[in-house]
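Here are the chains, one letter per residue:
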Amino acid sequence: MFNYIFRDNLASDCFHGCFVVTCTLCAFISLVWLREQILHGGGPEWLEQDHQGAPNQQRNFLDGAVVNNLVGFGPRAPPPAAVNQNEVNNQQAPAGQAAPPVDEGIPGGVGAGGVGDDGDVVEGEEVEEEGGDGVNNGNNAAQDDNNWNPIEWDRAAEELTWERLLGLDGSLVFLEHVFWVVSLNTLFILVFAFCPFHIGNFTMSGLKIEAFITSTHFEGLVTTMIGYIVIAFSLIILYTICAIARLKKFRRVLGLCYVVVKVMLLVVIEIGVFPLICGWWLDICSLSMFDATLKDRKNSFHLAPGTSMFIHWLVGMVYVFYFASFILLLREVLRPGVLWFLRNLNDPEFNPIQEMIHLPVYRHARRFMASVIIFGSTVLLMLWLPVRVIRKIFTGFLPYHVQLSSDAPVSELSLELLLLQVVLPALLEQGHTRKWLKGMIRGWTVAVAWLLNLRSYLLGDVPLHDGDDIVEGDAPVHNNPPPVPPPAPGAGLGAAHQALLQGGGPTGFQAYKRPSFYHLRIILLMVFMCITLFAMSLTSLVLPVFVGRKVMSLWMGEAKIHELYTAACGLYICWLKLRIGTVLFNWIPQGTLAILNKIKEWVLLVSFYIY
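Parameters and conventions
Residues numbered from 1 in each chain as written. Predicted model: local features only at pLDDT ≥ 70, side-chain atom pairs only at ≥ 80, totals over all residues. Heavy atoms only, no water. Helix = DSSP H or I, 4+ residues; strand = E, 2+ residues; numbered from the N terminus. Buried < 20%, exposed > 50% of the residue type's maximum accessible area, 1.4 Å probe, protein only. Contact = heavy atoms within 4.5 Å. Areas by Shrake-Rupley, 256 points an atom, 1.4 Å probe, with all protein chains shown as cover. UniProt positions renumbered as here; feature names shortened; annotations may be inferred. Core = buried A, V, L, I, M, F, W, Y, C linked by side-chain atoms within 4.5 Å. Salt bridge = Lys/Arg side-chain N within 4 Å of Asp/Glu carboxyl O. Patch = residues over 30% accessible without salt bridge, like charges linked within 9 Å, V, L, I, M, F, W, Y side chains within 5 Å. Axes fitted to C-alpha atoms, helices over the stretch in contact; angles between N-to-C directions. Left-handed = near helix turned anticlockwise from the far one by under 90°.

### Some details on the overall build of the chain
Looking only at helices and strands, the chain features 22 helices and four strands. Residues counted as buried form 31% of the 611 residues belonging to the chain. A sequence separation of at least 24 residues applies to 72% of the contacts in the chain between residues at least 6 apart. With an accessible surface of roughly 38,700 Å², the chain has 67% of that area assigned to carbon and sulfur atoms.

Given below as structure tokens:
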């Protein structure tokens, strides 16, 4: 047994232990950060109503409950910012007087059995005083019961240092820290892994879908996610029961637990599931480009499921990143308000975590479906359709050669990562390349706007007159929003994060003049945009590879070369030609003498470095 534990499985046990500790630390940091977001950005509307409502106010127990957060019933006013009750009490106290202590229902508080201001131990159940003190205590208890907030707890490690944590200060406090680390890891495994996994396992057994889940090769992860979904619905049911029974403290705790589970599931969908869907869709639409079939991809997935899923997730993340970069470039050219259906990352009020907290689930589902439709349609238009046209018109050009010999020093994965992480970022980070792209977009926009009489709609640089059909927006445009003051000292992580998120960039909606036959012009605009995207994609798939093949064949002959080499070579050659063309275009107006002087300076500089 000793040899089995310490000889055969030592490395794997160390790896799994480090992984569990890392997950525990990340989960703890995420929970603390989410708590700060709820405190400084405000919780969901239904949760704040339950916390701030009057104790004797009669209302429907389903008004503003978690059900509203699911289906969107009830009012949709912006949620009020969460207020720290201790700060309110300190502000209401007269000058020179300390604020009365408030029972927060936490360890160390006056009502929970802790240490008072004078250092004496205060018990959880105090003996009522004579006269009006009993009435006052009853009123204070009722008020404290209404103001009770399970996330209002003081930080217990304000003065904690690394020396004290590791025991380098000569004390034995680190033994207590070791105990807490082991206890928290055990609690983490039990609460966040063991219970959701078994709840999901029982659910799968009841639905009789074990065989389907097992075929995914990720039965543990899928089962755990199913368990979390069941936990979320269970929290909704328990919250409703507590609302009927008017158990405010339990209802508050269940509401916060539901918010935590909801944000966790939405983060998994946004960061994990959506890029994975994009990666697989890109692979499916490009099968004919590499002369592959779905059976080949299925065999690859069964042979190495983890590697296959990671590669597709990585490709999907790169695709989402470049799509978002292109949208940001479009916002610099187009009129503010044209891309109203896409989230503006430059909006100072944009905070994805706050949206996950406040918006109901059905709105997140609607956004997810809209994103899948937009990204999927773009892949069909710019990848699947051009590949079909290339195979019909340029016979023999496809498929791309991506097979390597067994003794090749690099693999296909490393070459793909080289192209995605080195070649493309090197091109896009060039200031001239970004300037060219922006100039091309503006030139196309001006041409289409002149053709369709949509310049006011697309660019917004046309003066508006009284007799025009003007469309006004609900918010003015702020090209330079006012600077956000820094957070107050001691405001916490959430306030600092809120101040950090306040960025710049044009936001809002700019008024424009609506021409006649507006809807027909918009349809024609969409048609021109699709044709342009298709033509640009067709050119980018053919031209760099064709040029790279011709250049590489000059010294490689008829040997088969990986298409990533030819594409990178052709891409750099095309970029070099464009760069030389722009330089000559800027120099020709200066005259022949200036060009000769510049060439002479370059020759002297090169000669100096050579010799």
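### Here's the deal with the UniProt feature "transmembrane region" (unreviewed entry) in the chain
The sites that carry the UniProt feature "transmembrane region" (unreviewed entry) are, in the present numbering, residues 14-34, 178-199, 225-247, 259-282, 310-330, 368-390 and 522-547. Overall, residues 14-34 shows 100% helix and 0% strand. The separation of its end C-alpha atoms is 30 Å. Taken end to end, residues 522-547 is 100% helix and 0% strand, and its first and last C-alpha atoms sit 37 Å apart.

### Regarding the nonpolar core
Of all hydrophobic cores here, the largest spans 45 residues; its most connected members are Tyr400, Tyr457 and Leu525. Elements with a minimum of two residues in this core: helix 11 (248-285), helix 13 (305-333), helix 15 (361-393), helix 17 (431-452), helix 18 (455-458) and helix 20 (518-556). Those residues in contact with Tyr457 that lie beyond four places of it in its chain are Arg335, Val338, Tyr512, Tyr518, Ile522 and Leu525. Counting residues in each nonpolar core, the second largest holds 21 residues, with Tyr228, Tyr239, Met356 and Ile357 among its members.

### Some words on the pattern of salt bridges
Per the stated rule, a full pass over the model turns up eight salt bridges. Between Lys438 and Glu332 there is a salt bridge, and its shortest N-O distance comes to 3.3 Å. Here Lys438, found in helix 17, pairs with Glu332, found in helix 13; they are 106 residues apart in sequence, far enough to count as distant. Among the salt bridges present, the one from Arg455 reaches Asp461, with a minimum N-O distance of 2.9 Å. Using a relative accessible area of 30% as the deciding quantity, one classes Arg455 as partly exposed. Look at the salt bridges and you will find they share partners, linking Glu332, Arg434 and Lys438 into a network.

### Focus on the environment of Trp444
Mapped onto the elements of the fold, Trp444 is located in helix 17. In this structure the C-alpha to C-alpha distance between Trp444 and Phe528, which are 84 residues apart in sequence, comes to 10.0 Å. Ignoring anything within four residues of it in the chain, the contact list for Trp444 reads Leu525, Phe528, Met529 and Thr532.

### Some remarks on a nonpolar patch on the surface
Among the surface-exposed residues, Leu31, Phe179, Trp180, Leu184, Leu187, Ile189, Leu190, Val191, Phe192 and Phe194 lie close enough to one another that they form a single nonpolar patch of about 920 Å² accessible area. Topologically, Val191 is positioned in helix 8 (residues 173-207).

### Some thoughts on the packing of helix 2 (residues 10-41) against helix 11
Two quantities define a packed helix pair, namely the angle between the axes and the distance from one axis to the other. In contact at an axis separation of 12 Å, helix 2 and helix 11 are set at 115° when each is read in the N-to-C sense. Like other packed secondary-structure pairs, helix 2 and helix 11 cross with a definite hand, here right-handed. Taking contact as the criterion, the partners of Leu31, Leu34 and Ile38 in helix 2 are, on helix 11, Leu256, Val259, Val260 and Val263.

### A few points about the environment of Ile573
Along the chain, Ile573 falls in helix 21 (residues 563-587). For the pair Ile573 and Gly548, spaced 25 residues apart in the sequence, the C-alpha separation amounts to 8.1 Å.

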